[in-house]
Structures are given as C-alpha cells and as structure tokens.
Amino acid sequence: MVDRSADERTTEGLIETARADDRTVVLALARDAAPLAERNALAWMSPREVPVPDEWAFLGRRPDGRAVLAAVYIDDEPPFPAPAGWGGLRTVGPDLDPAETSVFVEALSLGRWLRDSAFCPACGVRTDLRTGGWSRHCPSCAREHFPRTDPAVIVAVTHPEDRDLLLLGSNVLWEDDRFSCFAGFAEAGESLEEAVVRELFEEAGVALSDVRYHGSQAWPYPRSLMVGFLATAVDPVAARPDGEEIVEVRWFHRDEIGAALEGRGPVRLPGPASISRHLIESWYGGAA
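Worth saying up front: this structure is predicted, and the values here are computed from it rather than measured.

Conventions and cut-offs
- Residues numbered from 1 in each chain as written.
- Predicted model: local features only at pLDDT ≥ 70, side-chain atom pairs only at ≥ 80, totals over all residues.
- Heavy atoms only, no water.
- Pairing = 2+ DSSP bridges.
- Helix = DSSP H or I, 4+ residues; strand = E, 2+ residues; numbered from the N terminus.
- Core = buried A, V, L, I, M, F, W, Y, C linked by side-chain atoms within 4.5 Å.
- Buried < 20%, exposed > 50% of the residue type's maximum accessible area, 1.4 Å probe, protein only.
- Contact = heavy atoms within 4.5 Å.
- Phe/Tyr/Trp six-rings, centres within 6.5 Å; stacked < 30°, edge-to-face > 60°.
- Lys NZ or Arg CZ within 6 Å of the ring centre and 35° of its normal.
- Disulfide = S-S within 2.5 Å.
- Axes fitted to C-alpha atoms, helices over the stretch in contact; angles between N-to-C directions.
- Parallel < 35°, antiparallel > 145°, perpendicular 65-115°, else oblique.
- Left-handed = near helix turned anticlockwise from the far one by under 90°.
- Nonpolar A, V, L, I, M, F, W, Y, C, P; charged D, E, K, R; others polar.

Sheet architecture is open: three strands sit in the order β7-β8-β9, paired in antiparallel fashion. In this open sheet, the two edge strands, each paired with only one partner strand, are β7 (128-130) and β9 (144-145). Relative to strand β8 (residues 135-137), β7 runs antiparallel, the two being bridged by three bridges. Each residue of the ladder has a partner; that of Asp 128, found in β8, is His 137.

Shown next as structure tokens:
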C-alpha cells in the first residue's frame, strides 16, 4: 500500500527532490490508462525513464520509504510503449493486486483533475500547481483550488417479505443481460440517505425503508465517491423502470445471483472491482 504522506505535500521542492532520487517510482497516466508490465501488474518506472510529462504529482510513499509520483500526460495517446501495453482502470482494475488498484485510483483521480482544471474557474487565469500537485493557486485572484469529489449513492434493494430476492436494474447504455445496483449523484442540500430514497423512486418507482450504510469506494469517473447502502423495498410490486435511464428492473432470486457471481447463467453482474459487486456479494453472503 502507498501512504499518501499528506504532511509532506507542503515541503519545498518535494517533486524535484523525488525526481532526483533513483529509488522513486513513477506511474505514468495518459487519459485513463497506465502502462502495464503484465496483464495484472502496473509498469513502474524511475523518474529518468519517464518522458517529461505535462504535470507531476506526489502520490505518497511505499512502506520502504520510496516516493511515488504520477506523471500526467495531456495527450490521449500513450507517450511510450509498455511491455504489456496500456490499460484503463475499468479494464484492468479487477485483475490488479488491490494495492495497485488503490494507487491507480488515487493517481487517476488526481491526474484527471490536473489535466482538466489548469485554469481558475473564477477569473480564467492559468493557475500555479502547489502542494505536490494537490492544489492550485490563482496568481490573479489568489483563490486556492483543490481536487473535486462528487458524492454518489449506490444501493442494493431487498424484498420486504422474501430475503432471497434482490432488485437490480439495467441501464439504457448496457447490454440486455447486464444488471446492477441503482446509483445516482447526491443533489445540493441533500443527505446521502435522502439521495438513496429519491434515486430509487425516480429510477424504479420503489419507496424504501431501513436504509443503512454499507461502505464506500473512490471512483474517478468522473470524480466520484461512491457511497454504498442496503435498503428494503416498501412495496415490491411497484417496481418499474423509468424508461429513460433504467430500461428494465427485476427481482432476482438468490440462486440466479449465485450463478451470475460464478459466471454462469444468462445474467451479467458488475465486475469484481466495483462497489456494486461488493453490495451484491454482501447480500448474497447473508450480511444484508
């Protein structure tokens, strides 16, 4: 795991010192992809091996004390070849070691902000990068800007009378056989629990009771913190898709979910790296 070492970010010359250290390891990023050493392993490089990026950022330190940097490239095309090519988080995340997935999420979340937010949103002047890539200072209006995180909720809904039934939905952008938990962004002035209730009613016509927190997951698409919940439907018969975002809702029996988790049957579930999958597995394992 990488210790983010947030207390170091204000150290003068942090990035320069880390780049001069041959022990430092670097993860390169081009849009949402990183270089791979193998299909299930990121390709780490030393600072001198990395072509000069558009931005540098300090991600923290490994347990042995080595600094970890991100080299962020603005162009979409990979700036150099990698042993196993380049892979995006959605594609390779499930195959990586959890520690590598964690640092990939951190690097990508920060890298997307560095890529997309170079100018002050208040006055339009190009900002100066500070605190090891974790803040921007506007030299014109003196405002400080930081990476933005948008809270989003995601919920697994159980049947009020039959705990062997789970409600899932299929998004209009997905294949017909893919189903997942229901999700949406929290609105201004809204609690997370209120967002869960609103989203389910909007997307699936279902009122909820017993809304309870399960866990969270950072997700850099676009810059989300996914907050997971479990809840119970009040009237299971009321379930219906909104026809715009959700095109199908279904009550799935535990046997169907078990088969899908094992890769059998006609239903496809979210990948193992997603919190939606964790919610479904938690319900299936009896923790819901």
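In terms of nonpolar packing, the biggest core is built from 44 residues, with Leu 42, Phe 104, Leu 168, Ile 257, Leu 269 and Ile 280 touching the most fellow members. Broken down by element, this core gets its largest block of residues, eight residues, from helix α3 (residues 98-116). With sequence-adjacent residues up to four places away left out, Ile 280 is seen in contact with Leu 166, Leu 168, Cys 181, Ile 257, Leu 261, Leu 269 and Pro 270. Counting residues in hydrophobic clusters, the runner-up holds 18 residues, among them Val 26, Met 45, Phe 58 and Ala 67.

For the rest of this paragraph, the subject is the packing of aromatic side chains. Applying the stated rule across the entire model yields four aromatic pairs. With a centroid separation of 5.3 Å and an interplanar angle of 65°, the aromatic rings of Trp 219 and Tyr 221 are classed as edge-to-face. Here Trp 219 matches Tyr 221 in class, with each residue buried. Against the face of Phe 179 rests Arg 250, its NZ or CZ located 5.8 Å from the ring centre. The lysine or arginine in question, Arg 254, covers the ring of Trp 283, its NZ or CZ lying 4.3 Å from the ring centre.

With that settled, consider the state of the cysteines. All chains considered together, the criterion is met by zero disulfides. Cys 138 supplies the cysteine sulfur nearest to Cys 123, a cysteine that is in no disulfide, at a spacing of 3.4 Å. Taking the relative accessible area as the measure of exposure, Cys 123 reaches 37% and is therefore partly exposed. Of all cysteine sulfurs in the structure, the one in Cys 138 sits closest to Cys 141, which takes part in no disulfide; the separation is 3.5 Å. Cys 141 sits in the partly exposed class, given a relative accessible area of 25%.

A few words on unusual backbone geometry. With an omega of -5°, the peptide bond between Tyr 221 and Pro 222 qualifies as cis. Assignment of secondary structure puts Pro 222 in the loop between β13 (208-219) and β14 (224-233). Non-glycine residue Ala 142 carries a positive phi angle of around 70°. Summarising the element assignment, Ala 142 is placed in the loop between β8 and β9.

In this section: the packing of helix α5 (residues 254-261) against helix α6 (residues 275-284). With their axes 11 Å apart at the nearest point, α5 and α6 run at an angle of 130° to one another. For the element pair α5 / α6, the angle class is oblique. For the element pair α5 and α6, the recorded crossing hand is left-handed. Contact residues: α5 offers Arg 254, Ile 257, Gly 258 and Leu 261, while α6 offers Arg 277, Ile 280, Glu 281, Trp 283 and Tyr 284. Among the residues making up the contact of α5 with α6, the classes are represented as five nonpolar, one polar and three charged.

It is worth spelling out α5 at this point. Helical geometry note: an α-helix holds 3.6 residues per turn, so side chains three or four residues apart project in the same direction. Buried residues dominate α5, accounting for six of its eight residues. Those residues of α5 not exposed but buried are Arg 254, Ile 257, Gly 258, Ala 259, Ala 260 and Leu 261. Tucked inside the fold, the buried residues of α5 contact β11 (165-171), β15 (246-253) and α6. Looking one or two residues past α5, Gly 263 carries a phi angle of roughly 80°, positive in sign.

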